[in-house]
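A structural walkthrough
Residue strings, one per chain:
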Amino acid sequence: QIGLLLDVHGHQLLINGVFNGDPHAGNILEMPDGRLGLIDYGLTKRLTDNERLALARVVKSLGKDPVNSGDVASAMRQLGFITKFDNDEILTKY
């Protein structure tokens, strides 16, 4: 079921651009027939096309082996993340 949950949240973020901003375990139910029930969409966020593309770049960069900190940091900056000393390693790690 974890794979399905990741697929659903990935679809919300990268395809729909609207997602549940409070996806903790208390908002995920396993139904008696095995389906997942997702509840409490009181906190949602809409991503712009540019934000969705930047997030996709972060995911793509993190999926590379080995991870290239410069690629991840660049994608994080496109999402608006900054660090005190503009450090690629910090942007990649956190």
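Residues numbered from 1 in each chain as written. Predicted model: local features only at pLDDT ≥ 70, side-chain atom pairs only at ≥ 80, totals over all residues. Heavy atoms only, no water.

Within the sequence span of helix α3 (residues 69–78), burial applies to Ser69, Val72, Ala73, Ala75 and Met76. Seen from one end, α3 has its buried residues packed into an arc of 165 degrees, which puts them on one side. Buried residues along α3 sit in contact with α2 (49–62) and α4 (88–93). (Buried < 20%, exposed > 50% of the residue type's maximum accessible area, 1.4 Å probe, protein only. Helix = DSSP H or I, 4+ residues; strand = E, 2+ residues; numbered from the N terminus. Arc of directions from axis to C-beta. Contact = heavy atoms within 4.5 Å.)

On to the pattern of salt bridges. Under the counting rule described, the total for this entry stands at five salt bridges. Notably, a salt bridge pairs Arg35 with Asp33, separated by 2.7 Å at the nearest N-O pair. Across the pair Asp71 and Lys64 runs a salt bridge whose closest N-O atoms are separated by 3.4 Å. Taking the relative accessible area as the measure of exposure, Asp71 reaches 31% and is therefore partly exposed. When its relative accessible area of 37% is taken as the criterion, Lys64 is described as partly exposed. Residues participating in the shared-partner salt-bridge network are Arg77, Asp86 and Asp88. (Salt bridge = Lys/Arg side-chain N within 4 Å of Asp/Glu carboxyl O.)

Before going further, it helps to spend a moment on the nonpolar core. One finds Val58, Val72, Ala73, Ala75, Met76 and Leu91 forming the largest nonpolar core, which totals six residues. Take this core: its biggest share by element is four residues, from α3. The residues contacting Val72, other than those within four sequence positions of it, are Ser61, Leu62, Val67, Leu91 and Thr92. (Core = buried A, V, L, I, M, F, W, Y, C linked by side-chain atoms within 4.5 Å.)

Let us look at the packing of α2 against α3. It is the contact of α2 with α3, at a shortest axis distance of 8 Å, that shows an interaxial angle of 165 degrees. By the angle between their axes, α2 is roughly antiparallel relative to α3. In this structure, α2 meets α3 at a crossing whose hand is left-handed. The residues of α3 that touch α2, namely those facing Ala54, Arg57, Val58, Ser61 and Leu62, are Asp71, Val72, Ala75, Met76 and Gln78. Across the contact of α2 with α3, the residue classes break down as six nonpolar, two polar and two charged. (Axes fitted to C-alpha atoms, helices over the stretch in contact; angles between N-to-C directions. Parallel < 35°, antiparallel > 145°, perpendicular 65-115°, else oblique. Left-handed = near helix turned anticlockwise from the far one by under 90°. Nonpolar A, V, L, I, M, F, W, Y, C, P; charged D, E, K, R; others polar.)

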